[in-house]
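Here is what each chain is made of, one letter per residue.
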Amino acid sequence: MFLWVIQRDLLLAMRRRFDILTTLFFFVIVVSLFPLGIGPEINILRTIAPGVVWVAALLASMLSLGRIFSNDYLDGTLEQMLISPQSLSLLVLGKALAHWLITGIPLILISPLLGIQYNLPLDAILILALSLLLGTPILSLIGAIGAALTLGLRGGGMLVSLLVLPLYIPVLVFGSGAVEASAVGLGAGAHLSLLGAFLLIALVITPWATASALRISME
Amino acid sequence: MAINWFKYSSPASFYTLAGKMIPYFSVVASGLFLLGLYISFFIAPTDSQQSEAYRIIFIHVPAAWMSMFLYLIMAIWAAIGLAFNTRLSAMIATAIAPTGAMFTFLALWTGALWGKPMWGAWWVWDARLTSELILLFLYIGFMSLQAAINDPRRADKAGAVIALVGAVNIPIIYFSVKWWNTLHQGASVSLTQSPKMATTMLTGMLIMGLACWIYSIVVILIRTRAIILERERHTVWVSELQGSSQ
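All figures in this text were calculated on a predicted structure; none of them were measured in a lab.

Rules and cut-offs
Residues numbered from 1 in each chain as written. Chains lettered and ligands numbered in written order. Predicted model: local features only at pLDDT ≥ 70, side-chain atom pairs only at ≥ 80, totals over all residues. Helix = DSSP H or I, 4+ residues; strand = E, 2+ residues; numbered from the N terminus. Rg over C-alpha atoms; globule rule 2.2 N^0.38 Å. Buried ≥ 20, exposed ≤ 12 C-beta atoms within 10 Å, placed from the backbone. Contact = placed C-beta atoms within 7 Å. pLDDT = per-residue confidence, 0-100. Axes fitted to C-alpha atoms, helices over the stretch in contact; angles between N-to-C directions. Left-handed = near helix turned anticlockwise from the far one by under 90°. Nonpolar A, V, L, I, M, F, W, Y, C, P; charged D, E, K, R; others polar. Expected span 1.5 Å × (residues − 1). Bend = angle between axes of the 7 residues up to and from the residue. Parallel < 35°, antiparallel > 145°, perpendicular 65-115°, else oblique.

## Structural notes on the overall build of chain A
Next, step 1: Along chain A, the regular secondary structure elements total nine helices and zero strands.
Next, step 2: Starting at the N terminus and walking to the C terminus, you meet the elements of chain A as α-α-α-α-α-α-α-α-α.
Next, step 3: Relative to the globule expectation of 17 Å for 219 residues, the C-alpha radius of gyration of chain A, 18 Å, shows essentially globular dimensions.
Next, step 4: Split into buried and exposed, the 219 residues of chain A put 48% on the buried side.
Next, step 5: Put simply, 80% of the contacts in chain A that link residues at least 6 apart link residues at least 24 apart.

Laid out in structure tokens, this is it:
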């Protein structure tokens, strides 16, 4: 059932391929705007690169949160999932992971290219991709709570950002911190371990919170 | 002591109880405020390094205490409301949020006013300042979520979920901001190494803290009463209440 949800969401996403590309290009455009705003000074760009890429990843992941539940909510599938005998937490976990596969993976794959744009050294680029690999699933998992709570509300998109962005802060701090720490020679191990720990906590807690949020929203 | 505590979990009886409690607490709060302000302006000695400017501490620190404490209380009431499905608990949680946000804002504002003469900057990206700012965002998120939902029961429960998720996250956010700050070492301001405080200063601060606490209780009770009236306006007891007051 868990795999079925992931498979189904991926299939649906593949039918509307342009949605995936929109998120990806949003990410690329936001990252490319910073040099235009700040100036092409290569040293400044290199120091701000991890933060810029991470903030753009936060925004890109957040803006696509509406897609996790809203279509299923509109066509009634979500209601069927709620009354099915399967554990709702597990279904929700599947949907969050599908969201990560659709939005997170493309961001990770394109991030080395953006790192080169910002003249990051090769090992920093690797750490950046690695930190995104550990961090973006957390964004999808936490974001699912916000998406479930704002289901069917007017102005849901803006509201989600208010709810979810403060909760994203630890991921941002340690994600960009990992790249910076490796750049100054401290080693990124500690930051990456903490990101991994957050991921494990989020995997345990958030599906449960999202499931109860969905039940509240669908009452 | 056989007090039926559950009696007051009904909005109708709580409404009367709160109405009786508000005057007493108001008197206590005003008295404590007067006493605390007297100590902080006339009795507490002038600081050797910061001269008179430090006196803002008497409102700054209590406001910061209350901002964190009220979030915790709000999350606890929200959790009780979610677990036992009691309407009143959720109403109290809703009533706490604006006061908590007000104290958070006050702590940030007085902190800025204090920071300018002491550090020469209105704002530094210190761990405590940043986490206080994030706390303000959490309050605002809670309030705007509740404001966006028309159905009060759904608003209560959705607010409870986000309050609890926020409460779980607060320690994580606090420590991540702290480590972020030590990694960057930007502003070399240390808030933790405060000089030893005179006893009168501490007394003044504690009394002001207590005053803010009682003040919060008064305001929250008043706001809860307003919420009860709004939500129960179709019930018999509210219309009887209106009839008797006319």
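## Observations regarding the interface of chain B and chain A
Next, step 1: Between chain B and chain A, the contact holds 22 residues from the first and 22 residues from the second.
Next, step 2: Going through the elements one at a time, helix H4 (127-148) and helix H5 (152-184) of chain B are the ones with two or more residues in the side of chain B that touches chain A.
Next, step 3: For the side of chain B that touches chain A, the element with the highest residue contribution is H5 of chain B, accounting for 13 residues.

## Brief notes about unusual backbone geometry
Next, step 1: Even without being glycine, Asn119 of chain A reaches a positive phi, approximately 60°.
Next, step 2: Here Asn119 of chain A shows up in the loop between helix H6 (88-117) and helix H7 (122-149).
Next, step 3: Unusually for a residue other than glycine, Asn85 of chain B sits at a positive phi of about 60°.
Next, step 4: Among the structural elements, Asn85 of chain B can be located in the loop between helix H2 (57-84) and helix H3 (87-119).
Next, step 5: The class for Asn85 of chain B is exposed, based on 12 C-beta atoms found within 10 Å.

## A short note on the confidence of the model for chain B
All names here are of chain B.
Next, step 1: For chain B, per-residue confidence averages 84 on the pLDDT scale, and residues scoring 70 or more make up 89% of the total.
Next, step 2: Mean pLDDT across the elements of chain B ranges from a minimum in helix H7 (residues 236-245), with 76, to a maximum in H2, with 91.
Next, step 3: Low pLDDT, under 50, characterises residues 186-190; the stretch is placed with seven contacts to residues that sit more than four places away or in other chains.

## Some thoughts on the packing of helix H4 (residues 66-74) of chain A against H7 of chain A
All names here are of chain A.
Next, step 1: Two elements in contact, H4 and H7, have axes whose closest approach is 8 Å; the angle formed by their N-to-C orientations is 35°. Note that H4 runs across H7; the crossing there is right-handed. Across from Gly66, Ile68 and Phe69 in H4, the residues of H7 making contact are Ala144, Ala147 and Ala148.
Next, step 2: Here the contact of H4 with H7 is built from residues that sort into five nonpolar, one polar and no charged.

## A short note on the environment of Val124 of chain B
Next, step 1: Counting through the fold element by element, Val124 of chain B comes out in the loop between H3 and H4.
Next, step 2: Sequence separation between Val124 of chain B and Ala112 of chain B is 12 residues, and the spatial gap between their C-alpha atoms is 9.0 Å.

## Section: helix H3 (residues 42-63) of chain A
Next, step 1: Along its 22 residues, H3 of chain A runs 30 Å from first to last C-alpha, staying within 8% of the 32 Å computed at 1.5 Å per residue.
Next, step 2: Of all the bends found along H3 of chain A, the most pronounced is centred on Ile48 of chain A and spans about 50°, while Pro50 of chain A, a proline, follows it within four residues.

## Description of H3 of chain B
Next, step 1: Here H3 of chain B spans 47 Å end to end across 33 residues, near enough to the 48 Å set by a 1.5 Å rise per residue.
Next, step 2: Among the residues trailing H3 of chain B, Gly120 of chain B stands out with phi positive, at a value near 80°.

## A look at the confidence of the model for chain A
Next, step 1: A residue-level look at chain A finds 100% of positions with pLDDT of 70 or above and a mean pLDDT of 89.
Next, step 2: Within chain A, H7 of chain A carries the highest mean pLDDT (93), whereas helix H1 (residues 2-15) of chain A carries the lowest (85).

## So, the environment of Ser216 of chain B
Residues and elements named next belong to chain B.
Next, step 1: Secondary-structure assignment places Ser216 in helix H6 (residues 199-231).
Next, step 2: In this structure, the C-alpha to C-alpha distance between Ser216 and Leu70, residues 146 residues apart in sequence, is 8.8 Å.
Next, step 3: In this structure Ser216 touches Met66, Leu70 and Thr99, once residues within four positions along its chain are discounted.

## Details of the packing of H2 of chain B against H3 of chain B
All names here are of chain B.
Next, step 1: Orientation of H2 relative to H3, taken along the N-to-C sense of each, is 160°, at an axis distance of 8 Å. With respect to H3, the element H2 is oriented roughly antiparallel. Taken as a pair, H2 and H3 cross one another with a handedness that is left-handed.
Next, step 2: The residue inventory of the contact of H2 with H3, partitioned by class, reads 20 nonpolar, nine polar and no charged.

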